Amino acid sequence: MRIRIKLILAIILFCLFELSIAYAQDPIVYSRCKRTTETFDLTANVTINGQAQTVTRTMTGLDIYDVLPDVTNFLTKFNAPCDLIYREPDGTETVIYDCSSSSAQSSSCAALDAAVSFDGDTIAFSVFHGSLTNYREQIHSQVVHPDAEPENLGFYEFPNKLLNTTGANLHFYTVSTGQTRVMPFKTGMYDSGPAFISNQRIAFTSNRDGHTTTVVWSTTESRIGTRIWTVDIDGKNPDLASHHSLSQEQHPHILKDGRVAYSSWQIFGGQPFRYSNNGAGTHTTIDNQFHIYAQDPDGAGNFPIYGQHSGDHAKSYFGADHKAAHFMTQTSDDRIWFADYYRENNRGLGNLVGVMPEPKGQEGKSPHEVTNHADFFVPRNAINFASWTHSDDSAAFTVGLLGMQPITHPSYSEPLPYAGKLGHPAALPNNGLMMTWGKGVCSVVVDDGIFTELGKQTPPLADGGGSGVAMNLITSLEMDTPGCDVGLYRATQIPSQHPGDLEMIVDSKDWHEIMGRAVVPYADIHGVDHPDTIERADVRTSHPSLETGTPFGLLGAASIIDRETDPKDGIHFVGEHQFNLQGTDTIDYTDDDLCGVRILGIMPNRNRNVVDEIANIAGERVSILVNSRC
């Protein structure tokens, strides 16, 4: 269905900053997901001063519980319905895929993950199908009334609508004709996150081979696994392109050098134990272990770009810490941008980080050339787009804390008390950069310092998470301000100094606008018609004694004699952190002490009950390929 909408926008001034609106710029495609704007009458029986009473309180800021796609809510449980929109430079919009007009509790959908072909005429996207469920949370009595005796009131259903998905299928929209080609939908199969590798072929992620994720030691869960596949846009010639995937790969993106970059869930072996939550032997937040990788389109040569061995629960030299790295683009200057955020609670919003690719075979700075552990293997040329946002599992910075000028916005009658968070970077022509800006707290984990900052009385239950705390904070502010309202903006300077230097592209109070992409030829951004072409590995390494396409592999490891396994701070084993961040020897030994080699083979998990089939700290089925001794 195609629907025409004409939007008339007005120029609004920030206090001391002018919020400009992007007229006559580039056509874009984006997803708009329904934002929760309703109030909620919270009624409960509570006890106040020894008297049982029925109390009703009208709650605002329910959008603080809206859920947008991220590494945790990758396949399901995000806000819906979501429409896919084509926006022309003059503001005219066409609904490419309409989920909202027919959305019902029993059947709804979300059109997401738009990607644009190199000639600018085809838009590939995913449609997630399912039914709607309402967000639920237990409520504390003092959220209903500050003087109520403390008690848990049980679960309440909120107006927020989340999509309980049953699968996803790929669609291809031709801009010049308005026609859409649809790949078949199959219940339980998730084909999503398309990225063009030619005008007629895409990479995408899928669970179609039944792959499941690594089981982290001490957990009992193996989730749906997703790998990178490639396929022609007519649905022919599907091919698995990430045999090496052990858990999930998400949202691939083609780089100018021909490689396919993607967000990779690295929870194999010691990776989840590089930090601990509650002492030795405990793993860190597993869903934050997403790092940026790249591979050839056929799956060869996979190698980390960012995060696999970097980050130290502290800021690196460029001013940002690493959590989950996700949602990529590459700008005209070849810089790779991505969002870095704390999983699940923060709408996929946090920092925007831009890195220049390192030379082939290098991830970043050697541990022996840096003084800060947080700079281990960090790319040498990295930028934090905005110091006024962060990637922590907590509320956005307040304007007062940052000491910045007030932020005003046309959708709200009062200055915004929070600076907000950023995500979803997308390249624009002339080295431009588009992104999403989430205005508001943009986390369900909050703190009550804002009340003192604004000279207001601090209510109970406005610090922490759960129990209705987040909406209690927004309601108690008694301001015209969002919990988290997400829209599309353009950078006018890098790095950004203030939210006021962002230029609005589209931002409606009724929707969350996310996942924008410029609908222009590849050459308009990168100066060439298409990325470099990388031949298949079996063609590059052909041998006259092998037929073309014969499977092959190179089995090897770092040299035992010429090794780089000595830890930066010397050999004094101090637990998982030293071992799993850099990798390390734990004892002194000489070449003469070496005796024997063991090489292990790792086989990906194949069912959801794999926890009952393995007993090792790798989390995968492991076989001994070579075991030689002196």
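Residues numbered from 1 in each chain as written. Predicted model: local features only at pLDDT ≥ 70, side-chain atom pairs only at ≥ 80, totals over all residues. Heavy atoms only, no water.

A.B. asks: Give me the side chain of E358: which residues, what numbers.
C.D. replies: Along the chain, E358 falls in the loop between β24 (351-355) and β25 (382-384). There is a polar contact of 2.3 Å between the side chain of E358 and the side chain of R380. Apart from residues no more than four positions distant in its own chain, E358 is found in contact with E363, G364, P379 and R380. (Helix = DSSP H or I, 4+ residues; strand = E, 2+ residues; numbered from the N terminus. Polar contact = N/O pair within 3.5 Å; in protein donor to acceptor, adjacent residues only side chain to side chain. Contact = heavy atoms within 4.5 Å.)

A.B. asks: Residue-level account of the sheet that holds strand β22 (residues 324-330), with values.
C.D. replies: The 4 strands are arranged β22-β23-β24-β25 in an open sheet whose pairing can be described as antiparallel. Each edge of the open sheet carries a strand with a single partner, namely β22 and β25. Looking at each pair of strands side by side, their axes are set apart by 25 degrees on average, direction ignored. Sheet analysis places β24 next to β25, joined by 3 bridges and oriented antiparallel. Its bridge partner lying in β25, G354 is registered against I383. (Pairing = 2+ DSSP bridges. Axes fitted to C-alpha atoms, helices over the stretch in contact; angles between N-to-C directions.)

A.B. asks: Describe the sheet that holds strand β32 (residues 484-491), naming the residues involved and giving the relevant values.
C.D. replies: Spatially, 4 strands are ordered β28-β29-β32-β33 in an open sheet, and the strand pairing comes out antiparallel. Looking at the sheet topology across the chains shown, the edges are occupied by β28 (421-428) and β33 (502-506). On average, each strand axis in the sheet is inclined to that of its neighbour by 35 degrees, with strand direction left out of account. As defined by bridge partners, β28 adjoins strand β29 (residues 432-440) across 6 bridges and the pair is classed as antiparallel.

A.B. asks: Can you lay out the packing of aromatic side chains for me, pointing to particular residues and giving the numbers?
C.D. replies: Applying the stated criterion across every chain yields a total of 15 aromatic pairs. Where F118 meets Y522, the ring centres are 5.2 Å apart and the plane angle is 70 degrees; that geometry is what we call edge-to-face. Pair noted here: F118 is in the loop between β10 (108-116) and β11 (122-140) and Y522 is in helix α5 (residues 522-526), with a separation of 404 residues, a long-range link. When its relative accessible area of 7% is taken as the criterion, F118 is described as buried. The buried category is assigned to Y522, whose relative accessible area is 9%. Seen in terms of ring centroids, Y317 and F318 are 5.5 Å apart; in terms of plane orientation they differ by 80 degrees. Their pairing is edge-to-face. For F318, a relative accessible area of 11% translates into the label buried. Taken together, the ring pairs connect F40, Y65, Y135 and F158 into an aromatic cluster. It is R208 that lies over the ring of W229; its NZ or CZ is 5.5 Å from the centre. (Phe/Tyr/Trp six-rings, centres within 6.5 Å; stacked < 30°, edge-to-face > 60°. Buried < 20%, exposed > 50% of the residue type's maximum accessible area, 1.4 Å probe, protein only. Lys NZ or Arg CZ within 6 Å of the ring centre and 35° of its normal.)

A.B. asks: Lay out the nonpolar core with the relevant residues and their values.
C.D. replies: One finds F385 and L473 to be the most contacted residues of the largest nonpolar core, which totals 85 residues. Broken down by element, the residue count for this core peaks at 6 residues, all from helix α4 (residues 469-477). Excluding residues within four positions of it along the chain, L473 makes contact with Y418, V441, V446, D447, D448, I450, F451 and A462. (Core = buried A, V, L, I, M, F, W, Y, C linked by side-chain atoms within 4.5 Å.)

A.B. asks: I'd love a proper account of the pattern of salt bridges, names of residues and values included.
C.D. replies: Scanning the entire structure with this criterion turns up 21 salt bridges. Across the pair R490 and E503 runs a salt bridge, and its minimum N-O distance is 2.9 Å. Of the two residues, R490 sits in strand β32 while E503 sits in strand β33, which places them 13 residues apart along the sequence. A relative accessible area of 12% places E503 in the buried class. (Salt bridge = Lys/Arg side-chain N within 4 Å of Asp/Glu carboxyl O.)

A.B. asks: Outline unusual backbone geometry, supporting the account with residue identities and numerical values.
C.D. replies: Of note, the bond from A80 into P81 is cis; its omega dihedral lies within 30 degrees of zero at 5 degrees. Mapped onto the elements, P81 comes out in the loop between β7 (78-79) and β8 (82-87). The linkage connecting I494 with the following residue, P495, adopts the cis geometry, with an omega of 0 degrees. We note that N49 has phi near 55 degrees; this positive angle belongs to a residue other than glycine. Its location among the elements puts N49 in the loop between β5 (40-48) and β6 (51-59). A positive phi angle, near 60 degrees, is found at N431, a position not held by glycine.

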